Amino acid sequence: MAATTTLSPLVSLHRIASPFSPLSTTKTTTLRSRSHLTTNHSPRFPSTPPPITNRFPVRASMVSRLQSASRIEEDFDPRIPIEDAVTPPSSWYTDPAFYEFELDRVFYRGWQAVGYAEQVREVHDYFTGRLGNVEYVVCRDGDGKLLAFHNVCRHHASAIANGSGQKQCFVCPYHGWTYGLDGSLLKATRITEPQKIDSKEFGLVPIRVDEWGPFVAINLDKGHWTKPEADGDIMGHDWLGSSSEILRAGGVIDSTLSFLCRREYTIDCNWKVFCDNYLDGGYHVPYVHRGLASGLELNTYTTEIYEKVSIQRCHCGSTGGEGDFDRLGSEALYAFIYPNFMINRYGPWMDTNLVLPLGPRKCLVVFDYFLDASLKDDESFIQRSLKESEQVQIEDIKLCEGVQRGLQSPAYNCGRYAATVEKAMHHFHCLLHTNLAG
């Protein structure tokens with residue numbers, strides 16, 4: 001179920017060492033004799049580095065595991081009607097090899113939401129993030145152009161930026177290599193003239209980036225892409241398909257909304273468990289969220305399916321609260337943008353949920369909250385709204401972590417769909433299958 005606001009202390013984010021991360025990989029080092037070392041001239045950089053392909057190589061030791069993972073997708077058949085279909089097997093939610101395979105097929109392809117436009121509104125603004133094994137930095141250069149790069153120094157692979165803020169340039173904290181906000185190498189410390197480093201060839205590796213309304217998205221697909229100069233919605237249609245105009249009409253792009261706060265939750269479940277819970281058409285709401293259910297007319301729940309988007313709507317009624325307090329308004333809109341981004345629009349609020357995989361059994365959910373500017377000084381309304389939403393988050397976290405434990409049980413392999421309400425969930429699983437089989 002869509003979550004709707006929160007002002008509790010931040011849940012700290014801990015980096016998780018997955019079975020495939022460098023922290024958990026055993027390396028064997030072979031020492032060569034000194035006769036193999038070249039010592040009669042100073043070390044030189046190649047004038048041109050190896051080509052950047054934006055491909056994500058897989059270690060040879062993992063090939064057999066990924067081949068096994070590629071067969072897992074055969075266990076789900078999207079051609080079977082939802083009334084007769086079974087859900088994906090539990091291995092999709094628990095298997096470490098499948099998780100690595102999924103990162104490559106799902107997250108390293110197509111547009112991925114990473115932040116909101118206010119984070120890079122001014123020149124020299126930047127923010128950083130991580131998607132799977134990819135560290136990235138998004139910035140707005142001195143000319144006002146929105147850019148994104150792999151957050152990796154071309155010298156010895158250190159991150160060149162952390163957090164968010166403003167910078168005139170990126171200075172690597174390891175050896176001081178310096179890059180412009182356009183990604184060009186400005187200075188390579190202690191590198192003398194004879195080494196002839198090509199500053200253009202050794203710049204930061206670019207990533208495609210664009211904005212749609214208040215959101216920023218990146219695309220890790222290989223190949224060059226330049227945003228067209230003409231005013232259009234090419235990226236929006238590529239990302240959202242025919243739902244683009246529906247979301248515009250639904251108030252997702254609203255100039256009266258402004259960013260209020262961010263909250264993060266680390267949850268002990270596969271990222272898809274959280275998405276499945278969001279996409280069950282309100283099925284779980286009367287059983288798990290009784291406070292929220294009192295403000296929703298659940299018999300009005302509808303689901304609309306588009307190319308890579310599903311939209312759930314529900315009329316809202318009285319919450320039984322005191323006075324004129326109305327957090328939900330007359331209708332709630334819950335939009336899921338494949339694979340892991342949710343937009344929730346209700347009353348004067350909009351909140352977004354970005355579900356980031358941290359491993360096969362752990363995810364980070366980032367909640368960003370936007371509020372009608374006319375209410376930003378109404379502290380009482382804000383605090384009460386956020387408190388109600390916080391309760392929804394607590395209830396969903398408990399539920400999702402319980403589901404993850406059940407998925408790991410030998411008693412469970414796959415389940416069935418409630419065909420009248422879980423259409424969006426089935427659509428999500430069919431899109432996953434398309435990526436995994438592609």
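Up top is the structure.
The model shown is predicted, which means the values in this text are computed figures rather than measured ones. (Residues numbered from 1 in each chain as written. Predicted model: local features only at pLDDT ≥ 70, side-chain atom pairs only at ≥ 80, totals over all residues. Heavy atoms only, no water.)

S.K.: Looking at this structure, I do not really get the overall build of the protein chain. What am I missing?
M.R.: Looking only at helices and strands, the protein chain has ten helices and 17 strands in total. Across the 438 residues of the protein chain, 50% fall into the buried class. For the protein chain, the accessible area works out to roughly 21500 Å², and carbon and sulfur atoms hold 51% of it. (Helix = DSSP H or I, 4+ residues; strand = E, 2+ residues; numbered from the N terminus. Buried < 20%, exposed > 50% of the residue type's maximum accessible area, 1.4 Å probe, protein only. Areas by Shrake-Rupley, 256 points an atom, 1.4 Å probe, with all protein chains shown as cover.)

S.K.: I'm lost on the nonpolar core in this one. Help?
M.R.: A general trend in soluble globular proteins is that nonpolar side chains are found buried together. Ranked by size, the top nonpolar core spans 98 residues in total, and within it Val-138, Ile-218, Trp-239 and Trp-271 carry the most contacts. Per-element accounting of this core gives the leading share, eight residues, to strand 17 (residues 362-372). Residues within four places of Ile-218 in sequence aside, it is in contact with Gly-110, Trp-111, Gln-112, Val-114, Tyr-136, Val-138, Ala-148, Ile-207, Arg-208 and Val-209. Formed by 16 residues, the second largest nonpolar core is a distinct cluster that contains Val-137, Cys-153, Ala-161 and Cys-172. (Core = buried A, V, L, I, M, F, W, Y, C linked by side-chain atoms within 4.5 Å. Contact = heavy atoms within 4.5 Å.)

S.K.: Would you mind going over the packing of helix 3 (residues 96-107) against helix 10 (residues 423-437) with me for this structure?
M.R.: Their axes nearest at 9 Å, the elements helix 3 and helix 10 cross at an angle of 90 degrees. Taken together, the axes of helix 3 and helix 10 are roughly perpendicular relative to one another. Here Phe-98, Phe-101, Glu-102, Arg-105 and Val-106 of helix 3 lie close against helix 10, whose contacting residues are Leu-432, Asn-435, Leu-436 and Ala-437. Taken together, the residues of the contact of helix 3 with helix 10 break down into six nonpolar, one polar and two charged. (Axes fitted to C-alpha atoms, helices over the stretch in contact; angles between N-to-C directions. Parallel < 35°, antiparallel > 145°, perpendicular 65-115°, else oblique. Nonpolar A, V, L, I, M, F, W, Y, C, P; charged D, E, K, R; others polar.)

S.K.: In this structure, what is going on with the pattern of salt bridges? I would like to understand it.
M.R.: A side chain with one charge can pair with a side chain of the opposite charge if their charged atoms come near. This structure, assessed with the given rule, holds 14 salt bridges. Put simply, Arg-109 and Asp-104 hold a salt bridge, and the shortest N to O gap is 3.7 Å. Given a relative accessible area of 33%, Arg-109 falls into the partly exposed group. Judged by its relative accessible area of 22%, Asp-104 is partly exposed. Several salt bridges converge on common partners, so that one network encompasses Asp-104, Arg-105 and Arg-109. (Salt bridge = Lys/Arg side-chain N within 4 Å of Asp/Glu carboxyl O.)

S.K.: Hey, could you run me through the pairing of strand 15 (residues 341-346) in this one?
M.R.: Two faces belong to every sheet, and in a regular strand the side chains alternate between them. Most of strand 15 is tucked away, with six of its six residues classed as buried. Both strand 14 (residues 331-337) and strand 15 contribute to a ladder of six bridges, which runs antiparallel. Considered in strand 15, the bridge of Phe-336 is made with Met-342. As consecutive antiparallel partners, strand 14 and strand 15 are separated by three residues. Across six bridges, strand 15 lies against strand 16 (residues 349-359) in antiparallel orientation. Its bridge partner being in strand 16, Ile-343 is matched across the sheet by Thr-352. Between strand 15 and the antiparallel strand that follows it, strand 16, lie two residues; Gly-347 among them carries a positive phi value of about 50 degrees. (Pairing = 2+ DSSP bridges.)

S.K.: Which parts of the structure should I look at to understand the packing of helix 6 (residues 271-278) against helix 9 (residues 379-407)?
M.R.: Each pair of packed helices can be described by the angle between their axes along with the distance between the axes. As a packed pair, helix 6 and helix 9 sit with axes 10 Å apart at the nearest point and diverge in direction by 120 degrees. For the element pair helix 6 / helix 9, the angle class is oblique. The crossing of helix 6 and helix 9 is right-handed. Residue-level contacts link Val-273, Phe-274 and Asn-277 of helix 6 to Asp-396, Leu-399, Cys-400, Val-403, Gln-404 and Leu-407 of helix 9. Counted by class, the contact of helix 6 with helix 9 contains six nonpolar, two polar and one charged residues. (Left-handed = near helix turned anticlockwise from the far one by under 90°.)

S.K.: So what exactly am I meant to see when it comes to the environment of Asp-141 here?
M.R.: Here Asp-141 is to be found in the loop between strand 3 (134-140) and strand 4 (146-150). Overall, Asp-141 belongs to the buried group, its relative accessible area being 8%. Considering only alpha carbons, one finds Asp-141 and Gly-180, 39 residues apart in sequence, at a separation of 8.3 Å. Beyond its immediate chain neighbours, meaning those up to four positions away, Asp-141 contacts Val-123, His-124, Leu-147 and Leu-181. Polar side-chain contacts of Asp-141 include one of 2.9 Å to the backbone nitrogen of Lys-145. (Polar contact = N/O pair within 3.5 Å; in protein donor to acceptor, adjacent residues only side chain to side chain.)

S.K.: What exactly am I supposed to notice about helix 3 here?
M.R.: Note: α-helices contain 3.6 residues per turn, so residues at a spacing of three or four share the same orientation. The end-to-end C-alpha separation of helix 3 is 16 Å, in line with the 16 Å expected for twelve residues at 1.5 Å each. For helix 3, the buried fraction is high: ten of the twelve residues fall into the buried class. Near the N-terminus of helix 3, the side chain that reaches the backbone nitrogen of Ala-97, with its oxygen 2.8 Å away, is that of Asp-95. (Expected span 1.5 Å × (residues − 1).)

S.K.: When you look at the packing of aromatic side chains in this model, what are you seeing that I'm missing?
M.R.: For any pair of aromatic rings, the description rests on two quantities: the centre-to-centre distance and the angle between the ring planes. Per the stated rule, a full pass over the model turns up 19 aromatic pairs. Here the aromatic rings of Tyr-278 and Tyr-334 are separated by 6.5 Å at their centres, their planes lie at 80 degrees, and the arrangement is edge-to-face. A residue pair is termed long-range when its members are at least 10 positions apart, and Tyr-278 in helix 6 and Tyr-334 in strand 14 qualify at 56 residues. Aromatic side chains Tyr-278 and Phe-336 sit 6.4 Å apart centroid to centroid with 45 degrees between the ring planes, which places their arrangement in the tilted category. In this pair, Tyr-278 is assigned in helix 6 and Phe-336 in strand 14, connecting sequence segments 58 residues apart. Each member of the pair, Tyr-278 together with Phe-336, is buried. Members of the aromatic cluster, joined through ring pairs, are Phe-107, Trp-271, Tyr-278, Tyr-334, Phe-336, Tyr-338 and Phe-428. Here the basic side chain of Lys-272 rests over the ring of Tyr-93, its NZ or CZ set 5.0 Å away from the ring centre. (Phe/Tyr/Trp six-rings, centres within 6.5 Å; stacked < 30°, edge-to-face > 60°. Lys NZ or Arg CZ within 6 Å of the ring centre and 35° of its normal.)

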